[in-house]
Amino acid sequence: VIDARQGFVMPGLVNAHVHAAMTLFRGMADDLPLKEWLFDRIFPAEAEHLCPETVYWGALLGFLEMLMSGTTCFAEGYFFQDETFRAARLVGLRGLIAQGVIDLPAPDLADPRDNLKHAKRFLEKWKGASDRLEPGIFCHSLSTCSRQTIESAWEISQEFQLPMQIHLSETAGEVREVLKDTGMRPVMYLDALGLMKPDLIAAHAVHLDGKEIACMGERGAGAVHVPESNMKLASGVAQVAHMRQKGIPVGLGTDGCSSNNNLDLFGEMDTAAKLGKVMSRDPVEMDAKTVLRMATVEGAAVLGLEKEIGTLEAGKKADIVVVDLDKPHLCPVFDPYSLLVYSASGADVKDVVVNGEILLRDGKPTTVDPGEVMEKVREVAKNISR
Ligand SMILES: [Zn+2]
């Protein structure tokens, strides 16, 4: 029995784009251009510091942060994903854990020629291993994966009947590169390869033209809006309202902690709503109810899970969050959607149930001790230079 008096009971939030173990690099490299941030700071730090043990503790910290701020389901991609899978299973969350694939030496794979073999092994190992977690493949981007890599990754994902994730059109530079190499804009290129399908999860989707948006909408491929990361790296702003109008399901994601720098989806909802209004110069656009929908059932649809989660309905899985309203900044209540999007934060989450199991009770995780995890991550961080 959970005492939810003075509380809102709501569906668990869905973080549709995240890299859990990147909590290790929270605040390590801020305020830099994306290319410099990624190639000069993040990739070298990952090469030097990622190993099964550090990914395990970083992922545990990420999943604890998600749990304690009301996220019950996620889609994520990274390296050493056996460890991420173990960490998520221990915390008890629901989600899609994808092996990162890139045509460069990766922290968990020196020879990129083996990247798909490596990813396939991961799928074989974990498919069907959990009632809440699915494995998957995450192609890093069109700038870092060849046509052959993308096509093979898609083929393997389809063979296992799993969605595939990719970073798509995050920056204008990436679009220019793809246009130069293929003669097509990224969405049209992926469509030509046969990937524009509901099983595709395209994170960012910032720089799409009208034709691309129409194509994605017709094909039913899902997008993930990642506003805070796009703002912090000055990548641009996705045309979310237009995309949704054209039928693209759009989820909400935080991205990894090195470009955000937290995993609080309540904060992300607030930002998504306000940024949408600023960009369209229209305060009516991206209203609170729409944004909450993106962070719940629409995100679930992007992951292919809308029949199981995303709303509180008989017959769906019990993924439930209780928000404590007994706080000055949450009083009084006129409209629950407004309160959750514009006033609440992840710190207001009191209880979390996933798959019928209580994982957070009165603000305390029931499966993992946060003190131990933070101690381990602080130790790892001592060796990481700024
Ligand atoms: Zn990302």
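Residues numbered from 1 in each chain as written. Predicted model: local features only at pLDDT ≥ 70, side-chain atom pairs only at ≥ 80, totals over all residues. Heavy atoms only, no water.

Caption draft 1: Quick look at the layout of surface pockets. By volume, the largest pocket amounts to about 550 Å³. Lining the largest pocket are 33 residues, and of these Leu34, Leu38, His140, His167 and Glu170 lie nearest its centre. Elements with a contribution of two residues or more to the lining of the largest pocket: helix H1 (34-49), strand E3 (71-78), strand E4 (94-101), strand E5 (133-141) and helix H6 (172-182). Residue composition of the lining of the largest pocket, by class: 12 nonpolar, 15 polar and 6 charged. (1 Å grid on protein atoms, 1.4 Å probe; cavity = no way out; pocket = protein on both sides within 12 Å on 5 of 7 lines; lining within 4 Å. Points joined across faces, edges and corners; volume = space filled by probe spheres on them. Helix = DSSP H or I, 4+ residues; strand = E, 2+ residues; numbered from the N terminus. Nonpolar A, V, L, I, M, F, W, Y, C, P; charged D, E, K, R; others polar.)

Caption draft 2: How the structure looks around the state of the cysteines. Under the counting rule described, the total for this entry stands at 0 disulfides. Of all cysteine sulfurs, the one in Cys257 lies closest to Cys51, which takes part in no disulfide; the gap is 19 Å. With relative accessibility at 29%, the residue Cys51 sits in the partly exposed group. Among the cysteines around Cys139, which has no disulfide bond, Cys145 carries the closest sulfur, lying 4.5 Å off. (Disulfide = S-S within 2.5 Å. Buried < 20%, exposed > 50% of the residue type's maximum accessible area, 1.4 Å probe, protein only.)

Caption draft 3: Representation of the pattern of salt bridges within the structure. By the definition in use, this model includes 26 salt bridges. Through salt bridges with shared partners, a single ionic network connects Asp131, Arg132 and Glu357. (Salt bridge = Lys/Arg side-chain N within 4 Å of Asp/Glu carboxyl O.)

Caption draft 4: Layout of the environment of Asp131. Structurally, Asp131 can be placed in the loop between helix H4 (115-126) and E5. Since its relative accessible area comes to 57%, Asp131 is described here as exposed. For Asp131, the residues in contact, after removing those within four places along its chain, are Arg94 and Asn355. Of note is the side chain of Asp131, whose polar atom sits 3.3 Å from the side chain of Asn355. (Contact = heavy atoms within 4.5 Å. Polar contact = N/O pair within 3.5 Å; in protein donor to acceptor, adjacent residues only side chain to side chain.)

Caption draft 5: Expanded view of the side chain of Glu76. Within the secondary structure, Glu76 is located in strand E3. Among buried Asp, Glu, Lys and Arg side chains, Glu76 stands out as unpaired, with Arg26 the closest opposite charge at 12 Å. Of the polar contacts made by the side chain of Glu76, one reaches the side chain of Gln81; its length is 2.6 Å. (Lys, Arg positive; Asp, Glu negative; His and termini not counted.)

Caption draft 6: Expanded view of the packing of helix H11 (residues 265-280) against helix H13 (residues 336-343). Where H11 meets H13, the closest approach of the two axes is 7 Å, and the angle between their N-to-C directions is 95 degrees. The angle between H11 and H13 places the two elements in the roughly perpendicular class. The residues of H13 that touch H11, namely those facing Phe266, Met269, Asp270, Ala273, Lys274 and Lys277, are Leu340, Val341 and Tyr342. When the residues that make up the contact of H11 with H13 are grouped by side-chain class, the tally is 6 nonpolar, no polar and 3 charged. (Axes fitted to C-alpha atoms, helices over the stretch in contact; angles between N-to-C directions. Parallel < 35°, antiparallel > 145°, perpendicular 65-115°, else oblique.)

Caption draft 7: Region of interest: helix H2 (residues 52-68). If you check H2, its first and last C-alpha atoms are 24 Å apart, about what 17 residues at 1.5 Å a residue would give, namely 24 Å. Within H2, 13 of the 17 residues are buried, leaving the element largely enclosed by the surrounding structure. (Expected span 1.5 Å × (residues − 1).)

Caption draft 8: Seen up close, the coordination of the zinc ion. Within the first shell, the zinc ion binds the protein through His17 (NE2), His19 (NE2), His167 (NE2) and Asp255 (OD), at distances of 2.1 to 2.4 Å. Taken together, the 4 donor atoms coordinating the zinc ion span angles of 86 to 171 degrees at the metal, a pattern that classifies the geometry as irregular. Sequence positions of the residues that donate to the zinc ion give the spacing H-x1-H-x147-H-x87-D. Side by side, His17 and His19 carry an identical accessibility label, which is buried. (Donors = N, O, S within 2.8 Å, 3.2 Å for Na, K, Ca; no water. Tetrahedral: all angles 85-135°; square planar, octahedral: opposite > 155°, others 65-115°.)

Caption draft 9: Main features of empty space enclosed by the protein. Per the counting criterion, the structure on display carries 3 cavities of 30 Å³ or more. Looking at the largest cavity, its volume works out to about 50 Å³. Taken together, Gln99, Gly100, Val101, Ile102, Leu104, Ala106, Asp108, Leu109, Pro112, Asn115 and His118 make up the lining of the largest cavity. Counting only elements with at least two residues in the lining of the largest cavity, the list comes to E4 and H4. Of all the elements, E4 adds the most residues to the lining of the largest cavity, at 3 residues. Its residues placed into classes, the lining of the largest cavity shows 6 nonpolar, 4 polar and 1 charged.

Purely geometric stuff here, so don't read any function into it on its own.
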